[in-house]
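Each chain, letter by letter, is given below.
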Amino acid sequence: MIKTERLTKRYDTLTAVDNVSFEARPGEVLGFLGPNGAGKTTTMRMIAGFIAPSEGTASICGHDIEREPLAAKTLLGYLPEGAPSYGEMSVRGFLEFIADLRGLAGAVRRTRLQHVIERLALGAVAAQTIDTLSKGFRRRVGIAQAILHDPPVLILDEPTDGLDPNQKHEVRTLINEMAADKTIVVSTHILEEVAAVCTRAIIIAHGRIVADDSPQGLTARSRYHNAVSLRLERAEQFAAARAALAALPQVDSVEADEAGLRLTALPRTGAQLLADVNALAARSGLALQALELESGRLDEVFRSITT
Amino acid sequence: MSHVATITKRELAGYFATPVAYVFILIFLLLASAFTFYLGGFYERGQADLAPFFNFHPWLYLFLIPAISMRLWAEERKSGSVELLLTQPVTLWQAVLGKFFAAWAFTALALALTFPVWITVNYLGSPDNGVILAAYIGSLLMAGAFLAIGSCMSALTRNQVVAFILAVVVCFAFLLAGFPLVLDAFRAWAPQPLIDAIASLSFLTHFESIAKGVLDARDLLYFALTMAFFLIATAIVLDVRKSE
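Here the structure is a predicted model, which is why all the values come from computation and not from measurement. (Residues numbered from 1 in each chain as written. Chains lettered and ligands numbered in written order. Predicted model: local features only at pLDDT ≥ 70, side-chain atom pairs only at ≥ 80, totals over all residues. Heavy atoms only, no water.)

Trainee: Is there a simple way to think about the environment of L274(A) in this case?
Mentor: All names here are of chain A. Position of L274 relative to the elements: it lies in helix α10 (residues 274-283). Accessibility expressed as a relative area gives 35% for L274, which makes it partly exposed. When the C-alpha positions of L274 and R67 are compared, they lie 56 Å apart, and in sequence the two are 207 residues distant. Ignoring any residue separated from it by four or fewer positions in sequence, one finds L274 in contact with V228 and L291. (Helix = DSSP H or I, 4+ residues; strand = E, 2+ residues; numbered from the N terminus. Buried < 20%, exposed > 50% of the residue type's maximum accessible area, 1.4 Å probe, protein only. Contact = heavy atoms within 4.5 Å.)

Trainee: Just to check I follow, could you spell out the sheet that holds strand β11 (residues 228-232) of chain A for this structure?
Mentor: Two orientations exist for strands paired in a sheet by backbone hydrogen bonds: parallel and antiparallel. Residue and element names in this part refer to chain A. Taken in spatial order, the four strands line up as β12-β13-β11-β14 in an open sheet, and their pairing is antiparallel. The open sheet terminates on both sides in strands that have one partner only, identified here as β12 (251-257) and β14 (288-293). Along the sheet, successive strands turn relative to each other by an average axial angle of 15°, direction set aside. Both β12 and strand β13 (residues 262-267) contribute to a ladder of six bridges, which runs antiparallel. Its bridge partner lying in β13, D257 is registered against R262. (Pairing = 2+ DSSP bridges. Axes fitted to C-alpha atoms, helices over the stretch in contact; angles between N-to-C directions.)

Trainee: Help me understand the nonpolar core in this model?
Mentor: Grouped together as the largest cluster of nonpolar side chains are 151 residues, with contacts concentrated most on I2(A), F94(A), F54(B), W73(B), F203(B) and F223(B). Per element, the largest residue contribution to this core is 14 residues, and it comes from helix α10 (residues 129-156) of chain B. When residues no more than four places from it in sequence are discounted, the contact partners of F203(B) are M142(B), A145(B), F146(B), I149(B), F174(B), L175(B), Y222(B), F223(B) and T226(B). Grouped together as the second largest cluster of nonpolar side chains are 17 residues, V228(A), V254(A), L261(A) and L286(A) included. (Core = buried A, V, L, I, M, F, W, Y, C linked by side-chain atoms within 4.5 Å.)

Trainee: Explain a nonpolar patch on the surface to me, please; I cannot follow it from the model alone.
Mentor: Residues and elements named next belong to chain B. Nonpolar side chains collect at one region of the surface, where L109, L113, F115, W118 and I119 lie side by side and expose about 420 Å² of accessible area between them. Sorting elements by how many residues they give to the nonpolar patch places helix α9 (residues 115-124) first, with three residues. As for its placement among the helices and strands, W118 is situated in helix α9. (Patch = residues over 30% accessible without salt bridge, like charges linked within 9 Å, V, L, I, M, F, W, Y side chains within 5 Å. Areas by Shrake-Rupley, 256 points an atom, 1.4 Å probe, with all protein chains shown as cover. Salt bridge = Lys/Arg side-chain N within 4 Å of Asp/Glu carboxyl O.)

Trainee: So what exactly am I meant to see when it comes to the interface of chain A and chain B here?
Mentor: Interfaces are often described in size by the accessible area the parts lose on coming together. If you look at the interface, chain A gives 21 residues, while chain B gives 23 residues. With a closest N to O distance of 3.1 Å, E83(B) and R45(A) form a salt bridge. Taken together, chain A and chain B are joined by nine residue pairs in polar contact (both at pLDDT 80 or more). When residues of the side of chain A that touches chain B are traced back to their parent elements, those giving at least two are α2 (69-74) and α3 (91-101) of chain A. Counting residues per element, the side of chain A that touches chain B draws most heavily on α3(A), which supplies five residues. Within the side of chain A that touches chain B, the residues separate by chemical class into 13 nonpolar, three polar and five charged. (Polar contact = N/O pair within 3.5 Å; in protein donor to acceptor, adjacent residues only side chain to side chain. Nonpolar A, V, L, I, M, F, W, Y, C, P; charged D, E, K, R; others polar.)

Trainee: In this structure, what is going on with the packing of helix α8 (residues 92-112) of chain B against helix α15 (residues 217-241) of chain B? I would like to understand it.
Mentor: In a packed pair of helices, the relevant descriptors are the angle between the two axes and the axis-to-axis distance. All names here are of chain B. Interhelical geometry of α8 versus α15 gives an angle of 130° and a closest axis separation of 10 Å. Taken as axis vectors, α8 and α15 run oblique relative to one another. Crossing of α8 against α15: the hand is right-handed. Here L92, W93, V96, L97, F100 and W104 of α8 lie close against α15, whose contacting residues are M227, L231, I232, T234, A235, L238 and D239. Its residues placed into classes, the contact of α8 with α15 shows eleven nonpolar, one polar and one charged. (Parallel < 35°, antiparallel > 145°, perpendicular 65-115°, else oblique. Left-handed = near helix turned anticlockwise from the far one by under 90°.)

Trainee: I tried to follow the layout of surface pockets on my own but got confused; where do I start?
Mentor: Take a probe with the size of a water molecule and roll it over the atoms, and the empty space left behind shows itself. A volume near 470 Å³ is recorded for the largest pocket. Surrounding the largest pocket, 23 residues form its lining, G49(A), F50(A), A52(A), D239(B) and K242(B) being those nearest its centre. Counting residues per element, the ones that place at least two in the lining of the largest pocket are α2 of chain A together with α15 of chain B. Along the lines of polarity and charge, the residues of the lining of the largest pocket split into 13 nonpolar, three polar and seven charged. (1 Å grid on protein atoms, 1.4 Å probe; cavity = no way out; pocket = protein on both sides within 12 Å on 5 of 7 lines; lining within 4 Å. Points joined across faces, edges and corners; volume = space filled by probe spheres on them.)

As structure tokens, then:
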């Protein structure tokens, strides 16, 4: 469990993090979202005990990070931004070093090392120097380091940055697998990540929390929530279809993409459009290539609340 | 305590992961011999002791120790690994000491590899080996004090070159603290007790008697306190600047 209370970090004139309070519980994967420079990394660093807050507190499973730093850090697995490591070491050597710092010994040390090397597919490069690895491998070494001691709380700062789509999928599967009994915070600016792994998302802008909701709740804030998009087959029907959609009583406005022959009807607040649009298409003989109900666009929500 | 050992071990292995360690040791040995046999007039003096060898150590350390210490923290801060290290369950102290001991152990190794000089003097004559041992211990202590200064300077910056230059300048000031070059800067305005205090900080004065084989508790304490002071300073500087 992670708890922060009025966490604040001020630099000379800049308030990087401003009164951030939240709680994350076991079983939760909390996405920490925000534009670059919004204060995500500063918040992560304060929770992980790397920098001291100007005001407020953070605790890991009840251990205050400033008053009981060792107890808190023992329960925490942390992937710092950019996944730093010691470049001159081999992957295995580096993980063994972390295992020693984490106090792992004997059979537990062996099985945990083997587990993370297998789980993050590092076997082939275990003997290689970290400096010689690709960005994707280095990121995975960083994740391996963070989960090595099987911590109950995990903070991952941009875990999928620099990974290819397959590797991203792998890491997300890993996070989902671990989610059942751990508290996980994932900081990211990749929005698809939120839908893929998070049970809850906090959006932060200019150091303040501006939204704290489930991914579904966030997409429901989109003006595209419950909008209906259709793609026409024949260009000559475009103008008529557009006018007919706009005339529907429940439609608030219509967005048109003439080149793609695509029309999007946005509903009035709370209205359901799909049946009406479907009926309209049948009535006026529109030849449709596609008809879809939108759940909402996260990128649009993100833009509207962070700018 | 075991964390200090873990960090020391990793750090020490890091020195030998690149050719830097070997190049350093080679240069250290070459310079130490050159100073002893050419500048020190080891043969010409006709005395069975290692005074010409030890007398040059302060000057040798002035440039070579900052070369070891410059990467201690500057590199960790530049690569960001300092964040990884300090979010493990280790205290800042364990990290500062672990890295310092690694650098010191490495210096001790370089110093130990000067043993052919000792063999030479024993082959040529019959020196007082107790004096030589005392001088070795003193030299190692002085190296520790230089390293602690270098550690602090390295914590100040992310740039190794800046760390090197700062360390050379501060070490130079400490080396010559008892000499007019440094004292004249204070004579004009500082009260006499302060000038005396500064003069008593000189590495050279404290090393002089040790190099003659006199292990005075005051000299040993002086180097120990210098080390402690600059290691505490390292921790304070890191605590303030680690994330910048």
